[in-house]
Amino acid sequence: MAAGLEPGETVRTIESGRQAGSRNPRGPTDPDERRSGSSRGATEITEDAVARRFTEIHRDDLRYDHDRGTWFNWTGDHWAENRTGFALNECRLIARRHSGNVDNHRTRATARKWSFASGAARLAQRDPMHAVTQDVWDQNAFLLGCLDVTIDLSTGAAYGPRQEDMITKLSLIHISEP
């Protein structure tokens, strides 16, 4: 006797459960989806999902300085403080795009609220891909950021701007090639 069933009943019980499951699926098996109450087939939208998508898009060009409480974006030649609320607006736009696929009106409306986008942006601030402190900026006193070029003052070498130099100060000198 297997699991309290008579011989032959085990196979019939398993087959019956399989058929019932294919006719009427139970819904999400992911615990996060069960807690959120998402309907089967709907795109899941959470603050965390929006923050993850934000990071996928901006992993290389945005940093959040926790000491200064502000975002910095890579301009192509230096890291500049962003005072326009770009990150928050970008989270709002990502949420709006993804909420268009959500069947539930209440979930869609919630995802389009300012507080939802703000929560996603706060999560993104803490993502290791974005999170920095003020000590990462301008560490090498011998690197001079100029328009379209970085000059190493210790060697005189010039090279194209690099994000990893973490330069925030920019000289407005334009260096032309000889």
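Use the structure listed above.
Thresholds applied
- Residues numbered from 1 in each chain as written.
- Predicted model: local features only at pLDDT ≥ 70, side-chain atom pairs only at ≥ 80, totals over all residues.
- Heavy atoms only, no water.
- Helix = DSSP H or I, 4+ residues; strand = E, 2+ residues; numbered from the N terminus.
- Buried < 20%, exposed > 50% of the residue type's maximum accessible area, 1.4 Å probe, protein only.
- Contact = heavy atoms within 4.5 Å.
- Salt bridge = Lys/Arg side-chain N within 4 Å of Asp/Glu carboxyl O.
- Polar contact = N/O pair within 3.5 Å; in protein donor to acceptor, adjacent residues only side chain to side chain.
- Axes fitted to C-alpha atoms, helices over the stretch in contact; angles between N-to-C directions.
- Left-handed = near helix turned anticlockwise from the far one by under 90°.
- Phe/Tyr/Trp six-rings, centres within 6.5 Å; stacked < 30°, edge-to-face > 60°.

### Some remarks on the overall build of the protein
A tally of helices and strands in the protein yields six helices and seven strands. Going from the N terminus to the C terminus, the protein shows its helices and strands as α-α-α-β-β-β-α-α-α-β-β-β-β. Within the protein, the fraction of its 178 residues that count as buried is 29%. Long-range pairs, those at least 24 residues apart, make up 61% of the contacts in the protein with a sequence separation of at least 6.

### Overview of the pattern of salt bridges
Across all of its chains, the model carries seven salt bridges by this definition. With a closest N to O distance of 3.6 Å, E81 and R83 form a salt bridge. Take R83: its relative accessible area is 71%, and that puts it in the exposed class. The salt bridge partner of D138 is K169, with a shortest N-O separation of 3.3 Å. Of the two residues, D138 sits in the loop between β4 (131–132) and β5 (143–146) while K169 sits in the segment after β7 (158–159), which places them 31 residues apart along the sequence. The class of D138 is partly exposed, set by a relative accessible area of 25%. Here the salt bridges do not stand alone but share partners, grouping R68, E81 and R83 into one network.

### Some remarks on unusual backbone geometry
Unlike most non-glycine residues, D138 shows phi in positive territory, near 50 degrees. For D148, which is not a glycine, the phi torsion comes out positive at approximately 70 degrees. Relative to the helices and strands, D148 is located in the loop between β5 and β6 (149–152). Judged by its relative accessible area of 56%, D148 is exposed.

### Points about the side chain of H78
For H78, the location among the structural elements is in the loop between β2 (70–74) and β3 (79–82). Looking at H78, the relative accessible area reads 14%, which means it is buried. Within the structure, the side chain of H78 is placed 2.7 Å from the side chain of D77, a separation counted as a polar contact. Leave out the neighbours within four places in its chain, and H78 touches N73, I167, T168 and L170.

### Quick look at the packing of helix α3 (residues 47–58) against helix α4 (residues 86–99)
α4 packs onto α3 with a crossing angle of 115 degrees between their chain directions and a minimal axis gap of 9 Å. As α3 runs across α4, the sense of the crossing is right-handed. Residues V50, R53, F54, I57 and H58 of α3 form the contact with α4, whose participating residues are F86, A87, E90, C91, I94, A95, R97 and H98.

### As for the packing of aromatic side chains
One pass over the full model with this rule turns up five aromatic pairs. Ring geometry for Y64 and W71: centres 5.2 Å apart, planes at 65 degrees, overall edge-to-face. Comparing Y64 with W71, the two get one shared label, buried. Among the aromatic residues, those joined into a cluster by ring pairs are F72, W74, W79 and W137.

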